[in-house]
Amino acid sequence: MTESANGAGGDAPGDDDPDATTIIDGESVAADVRADVAAHVETLADAGVTPGLATVLMSDDPASETYVSMKQRDCEEVGIESVHVEIDADAPADELYETIDDLNDRDDVHGILVQLPVPDHVDKRSVLRRIAPEKDVDGFHPENVGRLVAGDARFKPCTPHGVQKLLAAYDVETEGADAVVVGRSDIVGKPMANLLIQKSPVGNATTTVCHSRTEDLEGKLAAADIVIAAAGMSEFVDGSMLKPGATVIDVGINRVEAETEKGYELVGDVDYESATEVAGAITPVPGGVGPMTRAMLLHNTVKAAGIQSDVAIDLD
Ligand code: GUN
């Protein structure tokens, strides 16, 4: 890895060849997060508390089904109890609201995640507002969004928080860096930008949020020390658009048709091959941000259990 403009360098994991592009290993950093979570689960167990996460799926989308079952498996691995509720995708919205109310009332459920997207006949905003803010481990309730923006986050949304952990693990200097976030979603783009501008570790970046109406996206990317690609468009950032040495975080997980057993393959928002030639450090897809998103959900669930049971759990 070259000593890049944004300072990616030092003793980061996998930093053997000083001239090679660093491949940011999300699986390895996520394993560290899970180990930390498991230790906190033990602390809670000593206090007689078993953390519980409820996942709610109201969708026939196979990708959503896969994500939710992976989240349940992750819980099992670290000693978090998981409760799963499935609701027919064409059921009335009230069924989802009533499910959330029941889960809000349960003492054994500390975190609630309603897998998004919900069907069109269900108002996403009403769903997110219905979840008790202290159980909102996604960090999507307006109270938690407000706290994040105010610099007093309770639950940081899992994907941007996971990205912060990756940047920290690989010693990527964000202070004073020019960061470009491509995508303005509530789940990734907006909270990511909010975290990067904060006066805090892995913050203090000069941050630009680009989206479908941005003029001169190319110019903005060319000047970026850190690129966070989160637009949900297959391989739309390529190496020719990047500043040499930039750190590239690919949040995209796009299913594209391919002659594989499943009939598709997963690709990111970044054209990995060409970007790897130019970047100082880059996340692969899969194996980069995805495992971190899942690990940070466990982190938030244990944090929620600590808050609700008054057990001191030292987690950001
Ligand atoms: N759908 C895609 N990403 C997410 C996420 O982080 N949380 C929830 N609840 N749904 C999602």
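Nothing here was measured: the structure is a model prediction, and the numbers come from that model.

About the criteria used
Residues numbered from 1 in each chain as written. Predicted model: local features only at pLDDT ≥ 70, side-chain atom pairs only at ≥ 80, totals over all residues. Heavy atoms only, no water. Helix = DSSP H or I, 4+ residues; strand = E, 2+ residues; numbered from the N terminus. Buried < 20%, exposed > 50% of the residue type's maximum accessible area, 1.4 Å probe, protein only. Polar contact = N/O pair within 3.5 Å; in protein donor to acceptor, adjacent residues only side chain to side chain. Contact = heavy atoms within 4.5 Å. Pairing = 2+ DSSP bridges. Axes fitted to C-alpha atoms, helices over the stretch in contact; angles between N-to-C directions. Near = heavy atom within 4 Å. Areas by Shrake-Rupley, 256 points an atom, 1.4 Å probe, with all protein chains shown as cover. 1 Å grid on protein atoms, 1.4 Å probe; cavity = no way out; pocket = protein on both sides within 12 Å on 5 of 7 lines; lining within 4 Å. Sits in = over half its atoms within 2 Å of the grid points. Nonpolar A, V, L, I, M, F, W, Y, C, P; charged D, E, K, R; others polar. Points joined across faces, edges and corners; volume = space filled by probe spheres on them. Core = buried A, V, L, I, M, F, W, Y, C linked by side-chain atoms within 4.5 Å.

A. Representation of the side chain of His-161 in the model. Tracing the sequence through the fold places His-161 in helix H6 (residues 158-169). His-161 sits in the buried class, given a relative accessible area of 1%. Here Asp-316 takes part through its side chain, which lies 3.3 Å from a polar atom of the side chain of His-161. Aside from chain neighbours lying at most four places away, what touches His-161 is Lys-156, Leu-195, Met-296, His-299, Asn-300 and Asp-316.

B. Structural detail: the sheet that holds strand S3 (residues 81-86). Strand order in the open sheet formed by three strands is S3-S2-S4, with parallel pairing between adjacent strands. Only two strands of the sheet have a single partner each, and these edge strands are S3 and strand S4 (111-114). Neighbouring strand axes in the sheet, compared pairwise and without regard to direction, differ in orientation by 15° on average. Of the strand pairs in this sheet, strand S2 (residues 52-57) and S3 are connected by six bridges, and their pairing is parallel. Bridge pairing in S3 links Leu-57 to Glu-86. The sheet strands contacting helix H3 (residues 93-105) are S2, S3 and S4, and the helix crosses S4 at an angle near 165°.

C. Local environment of the site of the ligand. In the vicinity of the ligand, the residues found are Leu-113, Val-114, Gln-115, Leu-116, Asp-138, Phe-140 and Ile-187. Contact distances for the ligand include 2.9 Å between a nitrogen atom and a backbone N or O atom of Leu-116. Take Asp-138: an N or O atom from its side chain is 2.7 Å from a nitrogen atom of the ligand. Protein contact buries 82% of the 280 Å² of open area that the ligand shows by itself. Taking a 2 Å distance to the grid points as the criterion, the majority of the atoms of the ligand fall inside the largest pocket. Its residues placed into classes, the shell around the ligand shows five nonpolar, one polar and one charged.

D. Summary view of the layout of surface pockets. Roughly 1,400 Å³ of internal volume is contained in the largest pocket. Together, 48 residues line the largest pocket, and Tyr-67, Gln-115, Thr-159, Val-251 and Ile-253 are the ones closest to its centre. Taken together, the elements giving at least two residues each to the lining of the largest pocket come down to helix H2 (62-78), S4, H6, strand S9 (254-257), strand S10 (264-267) and helix H10 (289-309). Considered class by class, the residues forming the lining of the largest pocket number 25 nonpolar, twelve polar and eleven charged.

E. Representation of the sheet that holds strand S6 (residues 206-210) in the model. Taken in spatial order, the six strands of this open sheet run S1-S11-S8-S7-S5-S6, and their pairing is parallel. Taken across any chain shown, the strands that pair with only one partner, and hence form the sheet edges, are strand S1 (22-23) and S6. Relative to the sheet, helix H7 (residues 189-197) contacts strand S5 (178-182), S6 and strand S7 (226-229), its axis offset from that of S5 by approximately 170°.

F. The arrangement of the environment of Gly-176 in detail. Mapped onto the elements, Gly-176 comes out in the loop between H6 and S5. Residues Gly-176 and Ile-197 lie 21 residues apart in sequence; the distance between their C-alpha atoms is 9.7 Å. Residues in contact with Gly-176, not counting those within four places in the same chain, are Asn-204 and Ala-205.

G. Region of interest: the nonpolar core. Of all hydrophobic cores here, the largest spans 48 residues; its most connected members are Ile-80 and Ile-228. Contributing elements (two or more residues each) for this core: helix H1 (26-46), H2, H6, S5, H7, S7 and H10. Ranked by the residues each element gives to this core, the list is headed by H10, at nine residues. Those residues in contact with Ile-228 that lie beyond four places of it in its chain are Val-163, Val-180, Val-181, Val-182, Met-192, Leu-196, Ile-249 and Val-251. Counting residues in hydrophobic clusters, the runner-up holds 21 residues, among them Val-56, Ile-87, Ala-91 and Leu-116.

H. Structural detail: the environment of Ala-223. Along the chain, the position of Ala-223 falls in the loop between helix H8 (217-222) and S7. Note: C-alpha distance between Ala-223 and Asp-74 (149 residues apart in sequence) is 38 Å.

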